[in-house]
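# Notes for the structure review
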Amino acid sequence: MTQQLDVNRVSVRFGDFTAVDSASITLNKGEIGCLLGPSGCGKTTLLRAIAGFQTINEGQISVRGRVLSTPDMQVSPEQRRVGMVFQDFALFPHLNVSANVGFGLRHLQRRERESRVRRLLKMVSLDDYAGAWPHELSGGQQQRVALARALAPGPEILLLDEPFSSLDSELRTQLASEVRDLLKADGVTAILVTHDQHEAFAMADQVSLLHDGHIDQTDVPYNLYHRPANAFVAQFIGGGSLIDVTVNADGELNDRLGVLDMKSRSFAPGQQLRLLIRPDDIEYDESSAIQLRVVERAFRGANFLYELLLPDGQHVPCLAPSHIAADKGSLLPVRFNLQHVVIFNGEHQVFT
Amino acid sequence: MLATSLVIALPVLVIIGSLFGGYSPAWEHLIDTVLGDYVVNSVLLMLGVGAGTLLLGVSAAWLTAMCEFPGRRFFSWALLLPMAMPAYIIAYTYTGMLDYAGPVQSLLRDTFGWGYGDYWFPEIRSLGGAVCMLSLVLYPYTYLLVRVAFQEQSTAVLEASRSLGKTLPATFFRVALPLARPAIAAGVSLALMETLADYGTVSYFGVSAFTTGIFRTWYGLGELQTAAQLAAFLMLFVFMLFILERQSRRRLRFYRTGTRQPPRRIALCGWRAVTAVGLASAILVSGFLLPASQLAIWVLQDPARAAQPAFLALAGNSFLLAAIAAACCLLLALFLGYGKRLFPGFAQTTANGVVSMGYAVPGTVIAVGVLIPFAWFDNVVDSWLRETLGVSSGLLLSGTLGALVFAYVVRFLSVSLQTVESGLARIRPSIDESARSLGYPPLSLLRRIHIPMLRGSLLTALLLVFVDVLKELPTTLILRPFNFNTLAVRAHELASDERLADAALPALAIVLIGLLPVILLTRNMASDNAAS
């Protein structure tokens, strides 16, 4: 596999503020990456640096071995062969759909340009809208025009800046997987920026989680959830609570939650560790002897999300079926299902 | 870009610089005789026009924004019409109607059998008359801004006040009016800048104000340096207003009240509705309909004049000059506005800020400020040519159309710059970025994306400057080439010679063209209302 994008230890600073701190990403041809993180984590800054709208202070960005950015040198955006889909789509309001899509194809002969525009519109199923104006289209259609426009010149990498954020939330995940199929079918290398993990998981092969300008973990979606590199990743992906536990005299974790199956791995007695409790790690069981007090509850339709009080005062989440309606302050019988639990020693995960 | 804005700022810098130059003996003469009058009259004018525009503007705004009465929709745009009427034109018109030989006094004499001296009639050609004339045409500045401020006040705030036990009038004075204060201050200071810049009205009414003083010092005493120093003192007043206006506009943001709801207007009925209609009609009639009809009547007495070559030549001169100035302003505004967008930075922002001060500077001041450096340049070139080649170059810049156009650009560039900048601001940066990532360098971006998208703003900028130049009197009067006349200059000259009926044709032409930007403004207002 050939390496398409190489972002090598890139930092971007605004005055004293470090927006991106020594971030590295590599993508192979046809791979879809994702920069995921809360707002202000530097993900958009990094994307703009790849697009050439942002200078970098350290590191190097190259695409297919061609260096595009170093602290001393910047290839201008128009010469990068990098396509970009903007958050607000940025369609040109004075041009119709096919002129928008053909905008980046001025080097082509007219006939060639027209046939390429037709092919792209067909690809995003908008062939009936070639003559329409941007304002006549729905949000989802505008988004597809923006995608077709960005893909038209055959960019070496496609950048998508929160491309679904202005669409209805029900549409997002569906569109994300549609766009993924489209890009995969065309063998496009792409990077998506989003703060929505469902979007990220639906679209990307590998996800880089950013936090305060730092890439905390780059991995496949499954591992981000099940093998989070640190507490931030654990809590950002999937939610849950971190609770303190102490290793007992036998080297087992047995702290009010029952003895955990540590698969022959033992800890030093008295060691302080932290357990990540996901909402589905604690199940409702009416026959259970363990009863925890309900601190808070939220009805989610298909289920209840409870917040329960442990005897030592720590809180844990619990997902219960929607017909189990326990009042605040009452006791809920639960069973712990902690066989795949994630354990942290300080900030870092202890792999079990 | 910085160089461009320095050139634009040159006249003002020259004026300010004159303060540090020598003071001629003419100053003692001025101080002994007329300087006191200039200051007192200018201050009185400002106080009077300030009060007048406040009263007319705020009441018109309150009625059309917050009340419902028959004809409200009509009045909300029609009350802008007086903007089309330059103050010097309304002044001649009212003089024609109200002086001794005019229709009003003649009618009184015929009805009551009075003769000369039997009765008292207010003298229109006075300071009070000037205040009335200026207030009648300048209140729309206050009206426009205050109306928007009232509309943006959340109905909930006013209802909260009433539910807390305040009566409607108390709510108006204790809540609505204080909330609109920044808008009122901004509107009144704009009106006052125009008042200070006015030359036509005060000179016609024989009121000694700063602008007439500058003229007299330059034409009567031939003291250019002293005229410049007088202009510098005028600038001090203007500068204070300018600061006031800027600060008020900045404060406007803090006075926004929560989310906007469509205002629930207070329905007026019975005598209240009659009063509202009466008040709005009175403002509209006296500020526009009456003087415009009088002009039309004078013109219709001899309609053939409109086709005469003398008038056509005047109109041609005016249009040509206005078109050239508008095109120059537009090109420079595009250059400056686009430069700031491409390279945002301290230097560009400062440059554009300097340029945007132009609208505050009175035309008289700019004219004197252009005259001095151009005359200096002509003299230097001339004496150098005499010494080296033995020929005289005469006047190269002074008294040419070039000098006049330059002065217009200095005064009105801010108008087109503001329009272009606000148009550019509406184009999101992502549009630029997407075009660039599709392979377009910055310059073709301007051609392919910005100019097509800005077409509306560019036309507006052209139109606004075109009309402003057409109406501009003092700059043209001072800087025009010998025997070169425009509509405004000719109307002023004829009126000054008491040939009011003859002045009506060029004056009416100016008013009709002045309607164009007002129409534009009302269209914007209508679309704003539709959007809300």
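Residues numbered from 1 in each chain as written. Chains lettered and ligands numbered in written order. Predicted model: local features only at pLDDT ≥ 70, side-chain atom pairs only at ≥ 80, totals over all residues.

Helix and strand counts for chain A come out as 8 helices and 19 strands. Each principal axis of the C-alpha distribution contributes one length, and for chain A these read about 75 × 45 × 40 Å. Taking the contacts inside chain A whose residues are at least 6 apart along the sequence as the reference set, 65% of them involve residues at least 24 apart. (Helix = DSSP H or I, 4+ residues; strand = E, 2+ residues; numbered from the N terminus. Contact = placed C-beta atoms within 7 Å.)

The next point concerns the overall build of chain B. Summing up its helical and strand segments, chain B has 23 helices and 2 strands in all. Against the 2.2 N^0.38 benchmark of 24 Å for 532 residues, chain B shows a C-alpha radius of gyration of 25 Å, consistent with a compact globule. If one aligns the C-alpha atoms of chain B with their principal axes, the spans along those axes are about 85 × 80 × 50 Å. When burial is assessed residue by residue, chain B has 45% of its 532 residues classed as buried. Relative to all contacts within chain B whose residues are 6 or more apart in sequence, the contacts with residues 24 or more apart total 83%. (Rg over C-alpha atoms; globule rule 2.2 N^0.38 Å. Buried ≥ 20, exposed ≤ 12 C-beta atoms within 10 Å, placed from the backbone.)

With that out of the way, let us pick up the sheet that holds strand β4 (residues 58-63) of chain A. Residues and elements named next belong to chain A. If you trace the 4 strands from one edge of the open sheet to the other, you get β2-β1-β4-β5, paired in antiparallel fashion. Because the sheet does not close on itself, it has two edges, and the strands there are β2 (17-28) and β5 (66-69). Averaged over all neighbouring strand pairs, the angle between strand axes comes to 25°, with direction disregarded. Where strand β1 (residues 3-14) meets β4, 5 bridges bridge the pair, whose relative direction is antiparallel. Of the residues in β4, the one forming a bridge with Asn8 is Gln60. Along the sheet, helix α1 (residues 43-51) contacts β1, β2, β4 and β5; its crossing angle with β1, the most-contacted strand, is approximately 120°. (Pairing = 2+ DSSP bridges. Axes fitted to C-alpha atoms, helices over the stretch in contact; angles between N-to-C directions.)

Another point: the sheet that holds strand β8 (residues 190-194) of chain A. Residues and elements named next belong to chain A. Within the open sheet, the 6 strands sit side by side as β6-β7-β8-β3-β9-β10. Their pairing is mixed. The sheet is open, and its two borders are formed by β6 (82-85) and β10 (214-219), each paired with just one other strand. Geometrically, the sheet is characterised by an average inter-axis angle of 20° between neighbouring strands, direction not taken into account. Where strand β3 (residues 32-36) lies against strand β9 (residues 206-211), 4 bridges are found, and the strand directions are parallel. When the bridges of β9 are listed, Leu36 appears paired with Leu209. Relative to β6, helix α4 (residues 139-151) is tilted by about 175°, and along the sheet it contacts β6 and β7 (157-161).

The next point concerns helix α10 (residues 181-197) of chain B. With 17 residues, α10 of chain B ought to run about 24 Å at 1.5 Å a step, and its terminal C-alpha atoms sit 24 Å apart, in line with that. The element α10 of chain B is extensively covered by neighbouring structure, given that 16 of its 17 residues are classed as buried. (Expected span 1.5 Å × (residues − 1).)

Size of an interface: often given as the accessible area lost when the parts come together. All names here are of chain B. Domain boundaries in chain B define domain 1 (40-297) and domain 2 (301-496). The distance between the C-alpha centroids of domain 1 and domain 2 comes to 28 Å. Elements supplying a minimum of two residues to the side of domain 1 that touches domain 2: α5 (87-98), α10, α11 (200-205), α12 (210-220) and α13 (224-252). Of all the elements, α13 adds the most residues to the side of domain 1 that touches domain 2, at 8 residues. (Domains from an automatic or database assignment.)

Between chain A and chain B, the contact holds 16 residues from the first and 14 residues from the second. Per-element accounting of the side of chain A that touches chain B gives the leading share, 3 residues, to β6 of chain A. Counted by class, the side of chain A that touches chain B contains 11 nonpolar, 3 polar and 2 charged residues. (Nonpolar A, V, L, I, M, F, W, Y, C, P; charged D, E, K, R; others polar.)

Residue and element names in this part refer to chain A. The topology assignment puts Leu121 in helix α3 (residues 110-123). The exposure class assigned to Leu121 is buried, which follows from the 21 C-beta atoms found within 10 Å. Residues Leu121 and Ala152, 31 residues apart in the sequence, show an inter-C-alpha distance of 9.7 Å.

This next bit is on the pairing of strand β14 (residues 291-299) of chain A. All names here are of chain A. Alignment of β14 against strand β17 (residues 331-336), held across 3 bridges, turns out to be antiparallel. Looking at β17, one finds that Leu292 is bridged to Leu332. Pairing between β14 and strand β15 (residues 303-309): 6 bridges, direction antiparallel. When the sheet's bridge partners are listed, Val294 is paired in β15 with Leu308. Between β14 and β15, which pair antiparallel one after the other, the connecting turn spans 3 residues, and Gly301 there sits at a positive phi close to 90°.

Residue and element names in this part refer to chain A. Here the domain parsing of chain A yields domain 1 (3-234) and domain 2 (240-351). Each partner contributes residues to the interface: domain 1 has 7 residues there, and domain 2 has 9 residues. For the side of domain 1 that touches domain 2, the class distribution of residues is 4 nonpolar, 2 polar and 1 charged.

Before going further, it helps to spend a moment on the nonpolar core. Soluble globular proteins tend to bury their nonpolar side chains together. Core analysis: the biggest nonpolar cluster contains 150 residues, and Ala231 and Val368 of chain B have the highest contact counts within it. It is helix α7 (residues 127-152) of chain B that provides the largest number of residues to this core, a total of 15 residues. Lining this core are residues from two domains, each supplying at least three of them: domain 1 (40-297) and domain 2 (301-496) of chain B. Listed in part, the 96 residues of the second largest apolar core include Cys41 and Phe304 of chain A together with Ala435 and Tyr440 of chain B. (Core = buried A, V, L, I, M, F, W, Y, C linked by C-beta atoms within 7 Å.)

Let's shift gears to the UniProt feature "domain: ABC transporter" (unreviewed entry) in chain A. The UniProt entry lists residues 2-237 of chain A under the feature "domain: ABC transporter" (unreviewed entry), expressed in the numbering used here. When the span residues 2-237 of chain A is considered, its composition is 33% helix and 28% strand, and the gap between its end C-alpha atoms is 30 Å. (UniProt positions renumbered as here; feature names shortened; annotations may be inferred.)

The next point concerns unusual backbone geometry. Most of the time, phi is negative for any residue but glycine, and the peptide bond is trans. Residue and element names in this part refer to chain A. Phi at Phe89 takes a positive value of approximately 70°, unusual for a residue other than glycine. Structurally, the position occupied by Phe89 is in the loop between β6 and α2 (97-101). For Phe89, a count of 24 C-beta atoms within 10 Å puts it in the buried group. For Glu162, which is not a glycine, the phi torsion comes out positive at approximately 45°. When you line up the elements, Glu162 lands in the loop between β7 and α5 (169-186).

On to the packing of helix α1 (residues 2-18) of chain B against helix α17 (residues 363-388) of chain B, then. Angle between the axes and distance between the axes are the two parameters that describe a pair of packed helices. Residue and element names in this part refer to chain B. Interaxial distance between α1 and α17 falls to 8 Å at its minimum, and their mutual angle equals 90°. Classified by the angle between their axes, α1 and α17 sit roughly perpendicular to one another. In this structure, α1 uses Leu10, Pro11, Val12, Val14 and Ile15 to contact α17, whose residues at the interface are Val365, Ile366, Val368, Gly369, Val370, Ile372 and Pro373. Its residues assigned to classes, the contact of α1 with α17 comprises 11 nonpolar, 1 polar and no charged. (Parallel < 35°, antiparallel > 145°, perpendicular 65-115°, else oblique.)

Attention now goes to the pairing of β6 of chain A. Residue and element names in this part refer to chain A. Of the two faces of β6, both are covered, the one formed by Val82 and Met84 as well as the one formed by Gly83 and Val85. Bridge count between β6 and β7: 4 bridges; the pairing is parallel. Pairing of Val82 across the sheet is with Ile157, part of β7.

All names here are of chain B. Where α5 contacts α7, the two axes come as close as 9 Å, and the packing angle between them is 130°. When the axes of α5 and α7 are compared, the pair comes out oblique. The handedness of the crossing between α5 and α7 comes out as right-handed. Here Ala87, Ile90, Ala91 and Tyr94 of α5 come into contact with α7, specifically with Met133, Leu134, Leu136 and Val137. The residue makeup of the contact of α5 with α7, split by class, is 8 nonpolar, no polar and no charged. (Left-handed = near helix turned anticlockwise from the far one by under 90°.)

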